[in-house]
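Observations on the three-dimensional arrangement
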Amino acid sequence: MTTLIRGAQLLGAERTDILIDDGIIAEVGSVARAGTVIDADGLIALPGLVDLHTHLREPGGEQSETIATGSSAAAKGGFTAVFAMANTAPVADTVAVVEQVADRGRAAGLVHVQPIGAVTVGLAGRELAEIGMMAASRARVRVFSDDGKCVFDPLLMRRALEYVKPFGGVIAQHAQEPRLTEGAVMNESALSGTLGLGGWPAVAEESIIARDALLAEQTGSRVHICHVSTAGSVDVVRWAKARGIAITAEVTPHHLMLTEELISGYDSVYKVNPPLRRDEDVQALREAVADGTIDIVATDHAPHAPEQKLTSFGDAAFGMVGLESALPVVLRSLVEPGHIEVADIARILSSAPAAIGGILGYDKPLTVGAPANITLVDTSASRTFSADDLAGRSTNSPFIGVELPGTVEHVLFEGRATVREGLVIHD
């Protein structure tokens, strides 16, 4: 089966045709022969997006999301690969669980679902999980994280870094000193005092990043910092990179756009871990993406059933869904203000997360011989984001009702259409 994308705008190039044959890009240029034709007039061709930080909830949290529904949400957002976090029930700390996640992702068939393995057994922070066995499994795990919980024991963190080094793995740290955040539900500030809500100090994040950067330097291994949220964290990552430490970092779309003032109404849709910070932090995060201090944008897609959110702010679950809104928020927060160009999206939302996570086929996107993972976007379009734009099981999005630019019109995963004219295709 062949597919012809007719008249797409390539990044940094003219409009052209892309011929796909048997899941591979066969020709780029003026193409005469065709099979199924996609009219891409007015659309920009991006490499398929890759999310290094997705919560699919399955196994154990199917009331909020499943691998199938999360794959639909990812495809709808323009993604062709997602990394599924390990904080499931049971935890993805064994070969059996990570292989189950990978197999169910293949069965869903909408995106490449790459499991992330837990660092510690049961996310309990007491003993290392079977890291080597998960790495050698059919799932080929290369990223390990206790996300949702910090690997706070420095000796355990050092051992984990040593363990993944021989096979080129990476430890993705949820940087949160637990003793500094007991009872915390929002950023520590004058506003948290006014609202009577437990404050979450920036130093709880920044101190763990500094510690782990030094541990990565000492071991010669790789550490990745999840959802960086403060200006101080940016300074620490920038210092570590200048020192030559093998550290990478991500920021979420919501931390690039939303601030703590939104919590004044006690709406739990804005309760997230780490918390929304100050406007000064948002600006520092944007600048850090622009100068390369922060390597990638990752969604931290965290779906929750209504009863987990529709309660008091203090009791509500942390987290927001983000797969479907990620690209529009990046356009609004980074491209429109001039921090990055549209062409940079290929790096921060595709090639760089794929490289950090160790999946192949994204290093030379949209070239002959490459896998046909392609997202066609209308960057000139704008709409009010709504629940109808969500394809997953949960609707806890902070962007419902917000005017956002850009629409994902078509997505091809390994040459097969998964989104056509904005609608997810379920074969």
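Structure's up top.
First, a word on scope: everything that follows refers to the structure included in this document.

Quick notes on the rules
- Residues numbered from 1 in each chain as written.
- Predicted model: local features only at pLDDT ≥ 70, side-chain atom pairs only at ≥ 80, totals over all residues.
- Heavy atoms only, no water.
- Phe/Tyr/Trp six-rings, centres within 6.5 Å; stacked < 30°, edge-to-face > 60°.
- Helix = DSSP H or I, 4+ residues; strand = E, 2+ residues; numbered from the N terminus.
- Buried < 20%, exposed > 50% of the residue type's maximum accessible area, 1.4 Å probe, protein only.
- Lys NZ or Arg CZ within 6 Å of the ring centre and 35° of its normal.
- Salt bridge = Lys/Arg side-chain N within 4 Å of Asp/Glu carboxyl O.
- Pairing = 2+ DSSP bridges.
- Expected span 1.5 Å × (residues − 1).
- Bend = angle between axes of the 7 residues up to and from the residue.
- Core = buried A, V, L, I, M, F, W, Y, C linked by side-chain atoms within 4.5 Å.
- Polar contact = N/O pair within 3.5 Å; in protein donor to acceptor, adjacent residues only side chain to side chain.
- Contact = heavy atoms within 4.5 Å.
- Axes fitted to C-alpha atoms, helices over the stretch in contact; angles between N-to-C directions.

**Some thoughts on the packing of aromatic side chains**
Enumeration over the complete set of coordinates arrives at two aromatic pairs. Ring centres of Phe-144 and Phe-167 lie 6.2 Å apart, and the angle between their planes is 70 degrees; on these two criteria the pair is classed as edge-to-face. Of this pair, Phe-144 sits in strand β9 (residues 143-144) while Phe-167 sits in the loop between α4 (154-164) and β10 (170-173), placing them 23 residues apart in sequence. Its relative accessible area of 0% is what places Phe-144 among the buried residues. Accessibility expressed as a relative area gives 25% for Phe-167, which makes it partly exposed. Taking the centre distance of 5.8 Å and the plane angle of 75 degrees together, the rings of Trp-200 and Phe-318 count as edge-to-face. Of the two residues, Trp-200 sits in strand β12 (residues 199-200) while Phe-318 sits in the loop between α9 (306-309) and α10 (326-335), which places them 118 residues apart along the sequence. Here the guanidinium or amino end of Lys-271 rests over the ring plane of Phe-318, the centre of that ring lying 4.5 Å away.

**Side note on the pattern of salt bridges**
For the structure on display, the rule yields 19 salt bridges. Its salt-bridge partner being Arg-106, residue Asp-103 comes within 2.3 Å of it at the nearest N-O pair. Placement of the pair is Asp-103 and Arg-106 together in helix α2 (residues 95-108), with a separation of three residues, close to one helical turn. With a closest N to O distance of 3.8 Å, Arg-347 and Asp-344 form a salt bridge. Taking the relative accessible area as the measure of exposure, Asp-344 reaches 22% and is therefore partly exposed. Each of Glu-99, Asp-103, Arg-106 and Arg-138 takes part in salt bridges that share partners, so that together they form one network.

**A few points about the pairing of strand β16 (residues 374-384)**
Across four bridges, strand β5 (residues 44-47) lies against β16 in antiparallel orientation. For Pro-47, the partnering residue across the bridge sits in β16 and is Ile-374. Relative to strand β17 (residues 403-413), β16 runs antiparallel, the two being bridged by eight bridges. The residue of β17 that forms the bridge with Val-377 is Val-408.

**What to know about helix α11 (residues 345-357)**
Counted at 1.5 Å a residue, the expected span for α11 with its 13 residues is 18 Å, and the 17 Å between its end C-alpha atoms agrees. The sharpest bend along α11 measures roughly 35 degrees and falls at Ser-351, with the proline Pro-353 sitting one to four residues further on. The buried fraction of α11 is high, at 10 of 13 residues. Burial in α11 covers these residues: Ile-345, Ala-346, Ile-348, Leu-349, Ser-350, Ala-352, Pro-353, Ala-354, Ile-356 and Gly-357. Note on α11: the residue one or two positions beyond its end, Gly-358, has a positive phi of about 80 degrees.

**Examining unusual backbone geometry**
The omega angle of the peptide bond from Ala-89 to Pro-90 is 10 degrees, so this bond is cis rather than trans. When you line up the elements, Pro-90 lands in the loop between β7 (79-84) and α2. Asn-273 connects to Pro-274 through a cis peptide bond whose omega is -5 degrees. The backbone of Arg-57 sits at a positive phi, close to 70 degrees, despite the residue not being glycine. Relative to the helices and strands, Arg-57 is located in the loop between β6 (49-54) and α1 (67-76). Not every positive phi belongs to a glycine, and Asp-300 is a case in point at roughly 50 degrees. Counting through the fold element by element, Asp-300 comes out in the loop between β15 (296-297) and α9.

**What to know about the sheet that holds β9**
Backbone hydrogen bonds hold the strands of a sheet together, and the pairing may be parallel or antiparallel. The strand order across the open sheet built from five strands is β9-β10-β13-β14-β15, with neighbouring strands paired in parallel fashion. Since the sheet does not close on itself, it has two edges, and those belong to β9 and β15, each with one partner. Bridge count between strand β13 (residues 222-225) and strand β14 (residues 247-251): three bridges; the pairing is parallel. Bridge assignment links Val-223 to a residue of β14, and that residue is Ile-247.

**Comments concerning the nonpolar core**
Formed by 77 residues in total, the largest nonpolar core has its most connected members in Phe-144, Ile-247, Leu-327, Ile-345 and Leu-349. It is α10 that provides the largest number of residues to this core, a total of six residues. Core analysis: the next-biggest nonpolar cluster, separate from the first, contains 19 residues, Met-186, Val-272, Leu-276 and Leu-390 among them.

**With respect to helix α6 (residues 203-219)**
With 17 residues, α6 should reach 24 Å at 1.5 Å per residue; the first-to-last C-alpha distance of 24 Å fits that figure. The complete set of buried residues in α6 reads Ala-204, Glu-205, Glu-206, Ile-208, Ile-209, Arg-211, Asp-212, Ala-213, Leu-215, Ala-216 and Thr-219. Directly after α6, the chain includes Gly-220, whose backbone phi takes a positive value near 70 degrees.

**Examining the side chain of His-255**
If you trace the backbone, His-255 turns up in the loop between β14 and α8 (279-291). A distance of 2.8 Å separates polar atoms of two side chains, one belonging to His-255 and the other to Thr-252. The residues touching His-255, leaving out its near neighbours within four places in the chain, are Val-228, Ser-229, Val-272, Pro-274, Pro-275, Leu-276, Val-282 and Leu-285.

**Thoughts on the sheet that holds β6**
The parallel open sheet is built from three strands, whose spatial order is β6-β7-β8. The outermost strands of the open sheet, each flanked by one partner alone, are β6 and β8 (112-115). In this sheet, neighbouring strand axes are inclined to one another by 20 degrees on average, regardless of whether the strands run parallel or antiparallel. Relative to β7, β6 is paired through four bridges, and the arrangement is parallel. If you follow Leu-49 over to β7, its bridge partner there is Phe-79.

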